Every structure is written in C-alpha cells, then in structure tokens.
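# Summary of the model geometry
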Amino acid sequence: MNIQQIDYILAINDLRSFGKAAEHCHVTQPTLSTMVGRLEEEFGVQIFDRRTKPLSVTKEGEQIIRQLRMISREIGSLHHLVSQLRGEESGVTLTIGVIPTVAPYLLPHFLVEFVRAHPQHHFVCSEMTTDAIIDGLESRELDVGILSLPIDNPELREVPLYNEPFLLLDKEVPRAQRREYIALSDIDLDRLWLLEEGHCMRNQVEKICGLRDKQGLDRNLDYQSGTIDTLLKFVDRYSGLTLLPLLATRSLSTKDRRYLRQFQPPIPVRTIGLLVHNHFSKHHLLARLEEAIAASVNQFFPANKAIDVVDPLG
C-alpha cells in the first residue's frame with residue numbers, strides 16, 4: 001500500500017466514479033483502476049462494488065475507507081509538522097466546529113479579522129452539536145472544536161478559554177418591578193425552559209436540572225431547544241424564564257434586556273474552550289486562534305478573573 005493508492009480510493013469514494021477520480025488525481029483511468037485493484041488484492045477485500053450504478057462501496061470497504069481517511073489526515077499532519085520545522089508553514093486548512101449556543105455570539109467578534117490576518121491559510125467553520133464535534137475530532141475529519149468544557153475524553157485535549165456567566169431571563173416581571181439579583185434556589189421551575197446545550201452541563205446549573213427532575217413537575221412537554229432564538233420565542237410566548245449565557249444577552253433587544261436578572265453568588269457559569277485531538281499538529285494556528293478569541297472576549301471578561309467586573313445589563 002502506498003500514499004497514491006490511498007488518495008485514489010478516497011477520490012473514488014467521494015466522486016463515486018473511477019473516471020472522475022482519475023481526472024481529479026491527474027492520472028489515466030486504467031492506471032487508477034489497476035492501482036486500486038492491486039490494493040484490493042493485497043487486502044483480500046473488495047472495496048468497491050463496480051456492478052452498481054452509481055458506483056457503491058461494500059460494507060467492508062466502508063470500514064477500510066474510514067481508516068484510510070484517518071491515515072490520510074495523519075500523513076497531512078506529518079507534512080504540516082515538517083513544514084513547521086522548516087519554517088515553511090503555508091497553505092494550511094483548518095476545520096472548526098462550533099456549538100450553536102456559542103457560534104452566533106462569539107464568532108462575529110473575531111472570525112473575519114482572524115481569517116483576514118492569515119490569508120495564506122484556508123478555514124472551514126461549521127455549527128455542530130457537541131457529539132458531532134467529538135466524532136469529527138476522533139475521526140480526524142475536524143481539526144478544532146469550540147464548545148463547553150469539560151469533555152473528559154482521553155483522546156482529546158482541552159484548552160479552556162473563558163468562563164461565561166449565565167443570566168436569568170424572566171418575561172413575567174420587568175427589571176424595574178423586582179429585585180435585581182436572584183438566587184438559583186428561587187427559580188420557578190414550572191416556568192423554566194432550557195437549552196439542549198449550554199445549561200444542564202455542570203456546576204450549579206446541574207442542580208437546577210436535577211431538582212426539576214426530582215420534583216416530578218406536572219409537565220407533559222419537556223422541550224429542549226438547540227438554538228437560543230427558538231428558545232426565546234417560547235419564553236416570550238408563555239411568559240417563561242430561561243438561563244442565557246452572557247454573550248447571547250448582548251444581542252437581545254432593549255425591551256428584552258429589561259427582563260434580565262443577575263444571579264447572586266454562587267453564579268452559574270460555563271467554561272468555553274477549544275478541543276483538539278491529542279495528535280493535532282497545527283499548533284501555531286491553534287495558538288493564534290486562542291489569542292484571537294481571548295482578545296475578542298476581554299471586553300466582556302477582563303483578564304477572565306472575575307465575572308462580576310462587567311455589567312452584563314449595561
């Protein structure tokens with residue numbers, strides 16, 4: 001097996017055509033077919049079913065292709081490492097996955113400027129669930145995840161960035177008609193709507209979710225939204241309440257901001273950070289990404305040492 005054979009098989013899998021794959025790889029179709037056939041003979045396994053139209057992959061071939069894709073990415077990481085050692089870093093592609101409760105509120109603060117500062121590289125950024133990010137990192141189809149930590153996966157390395165406090169949005173009583181601060185224990189669980197990602201994760205917020213479950217509240221609808229916009233529509237329609245991460249509150253309307261309340265200590269927070277595979281090799285870009293995000297959130301979390309030094313309602 002050689003690198004060319006790996007490239008040929010991956011191209012055939014992606015394009016589902018020997019002819020298109022040969023054109024993509026800049027070789028003749030007979031050459032490509034012969035090289036793939038030799039590898040199938042070496043493995044003793046048929047990777048492609050040539051009888052179907054369009055071309056299909058056998059069950060055994062799917063497992064082989066999954067492994068070959070990981071090998072291909074490892075080879076790419078090796079080439080990148082060698083380029084770094086030679087001081088020739090350029091033309092790198094960095095794929096980034098961001099959870100939906102972070103992406104629209106963090107990315108606008110740094111992403112465009114970050115990309116412009118590195119014109120020699122290519123960046124692919126997508127909104128993904130936490131599970132999809134973990135799967136992508138483990139399969140090496142994704143380089144970096146931006147999400148809530150901790151994940152506690154031995155194959156992945158965590159890089160904490162900032163601690164983001166939650167605020168309470170209570171649409172029943174406006175800000176001017178009630179106490180400014182509220183304790184977690186005072187939350188009306190019957191009116192609580194939650195995000196699928198970002199709330200029942202850790203620390204004090206887990207206690208809220210656990211308490212609601214233990215009380216066996218009379219609710220035949222347990223709605224968990226994956227996006228803050230959808231959640232806000234339900235909260236607004238039914239005069240409910242929810243917990244929102246601080247950056248998400250910055251985009252609320254002036255009217256809605258009147259219904260925000262800050263928590264008394266202990267203040268619920270979530271840790272946002274980067275997640276990469278243990279064998280991730282694009283260290284220079286990761287460090288620059290970390291610096292860019294830190295610089296962009298400093299105005300909200302100065303030095304990231306105290307979450308009460310910035311008035312989130314101001």
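Reference entry: report on the structure contained in this document. (Residues numbered from 1 in each chain as written. Predicted model: local features only at pLDDT ≥ 70, side-chain atom pairs only at ≥ 80, totals over all residues. Heavy atoms only, no water.)

## Describing the overall build of the chain
Looking only at helices and strands, the chain has 12 helices and 12 strands in total. In the chain, which comprises 314 residues, the proportion classed as buried is 47%. Counting only contacts in the chain whose residues sit at least 6 apart along the sequence, the fraction spanning at least 24 positions is 77%. (Helix = DSSP H or I, 4+ residues; strand = E, 2+ residues; numbered from the N terminus. Buried < 20%, exposed > 50% of the residue type's maximum accessible area, 1.4 Å probe, protein only. Contact = heavy atoms within 4.5 Å.)

## Looking at the pattern of salt bridges
On inspection of all chains with the given rule, the structure shows eight salt bridges. Between Arg69 and Asp14 there is a salt bridge, and its shortest N-O distance comes to 3.2 Å. In this pair, Arg69 is assigned in helix α4 (residues 59-86) and Asp14 in helix α1 (residues 3-15), connecting sequence segments 55 residues apart. Salt bridges sharing common partners tie together Lys171, Asp236 and Asp256. (Salt bridge = Lys/Arg side-chain N within 4 Å of Asp/Glu carboxyl O.)

## Focus: the packing of aromatic side chains
Taken as a whole and judged by the stated rule, the model has four aromatic pairs. Arranged with centres 6.4 Å apart and planes meeting at 65°, the rings of Phe110 and Phe114 form a pair that is edge-to-face. Phe114 sits in the buried class, given a relative accessible area of 4%. With centroids separated by 6.5 Å and ring planes inclined at 20°, the aromatic side chains of Phe234 and Tyr238 adopt a geometry described as stacked. Here the aromatic cluster, defined as three or more aromatic residues joined through ring pairs, consists of Phe110, Phe114 and Phe123. Here the guanidinium or amino end of Lys171 rests over the ring plane of Tyr259, the centre of that ring lying 5.2 Å away. Lying across the ring of Tyr238, Arg237 places its NZ or CZ 5.0 Å from the centre. (Phe/Tyr/Trp six-rings, centres within 6.5 Å; stacked < 30°, edge-to-face > 60°. Lys NZ or Arg CZ within 6 Å of the ring centre and 35° of its normal.)

## What about the nonpolar core?
Most often, soluble globular proteins keep nonpolar side chains buried together rather than apart. Among the nonpolar cores identified, the biggest contains 54 residues, and Leu106, Val144, Ile146, Tyr162, Leu247, Leu274 and Ile293 are the most heavily contacted of them. Sequence-distant contacts of Val144, defined by excluding residues within four places in its chain, comprise Leu94, Thr95, Ile96, Gly97, Leu137, Leu274, Leu275, Val276, Phe280, Leu286 and Leu289. In terms of nonpolar packing, the next biggest core, distinct from the first, is built from 21 residues, Ile6, Leu10, Ile12 and Ala21 among them. (Core = buried A, V, L, I, M, F, W, Y, C linked by side-chain atoms within 4.5 Å.)

## Quick notes on the pairing of strand β12 (residues 269-277)
With nine of its nine residues buried, β12 lies for the most part within the structure. Note that strand β5 (residues 144-149) and β12 share five bridges and pair antiparallel. When the sheet's bridge partners are listed, Ser148 is paired in β12 with Ile272. (Pairing = 2+ DSSP bridges.)

## Notes on the environment of Cys25
Summarising the element assignment, Cys25 is placed in helix α2 (residues 18-25). Ignoring anything within four residues of it in the chain, the contact list for Cys25 reads Asp7, Tyr8 and Ala11.

## Focus on the environment of Glu290
Mapped onto the secondary structure, Glu290 falls in helix α12 (residues 283-297). Residue Glu290 is classed as partly exposed on the basis of its relative accessible area, which comes to 31%. Separated by 16 residues in sequence, Glu290 and Leu274 have C-alpha atoms that sit 7.8 Å apart. Sequence-distant contacts of Glu290, defined by excluding residues within four places in its chain, comprise Val159, Leu161 and Leu274.

## As for unusual backbone geometry
Residue Lys53 is joined to Pro54 through a cis peptide bond whose omega torsion reads 0°. Here Pro54 is to be found in the loop between β1 (48-49) and β2 (56-57). Cis geometry is adopted by the peptide bond preceding Pro150, which originates at Leu149 and carries an omega value of 5°. Along the chain, Pro150 turns up in the loop between β5 and β6 (156-170). The residue Arg16 is not glycine, and still its phi comes out positive at about 55°. Position of Arg16 relative to the elements: it lies in the loop between α1 and α2.

Everything listed here is a matter of coordinates, which is why it stays silent on function.
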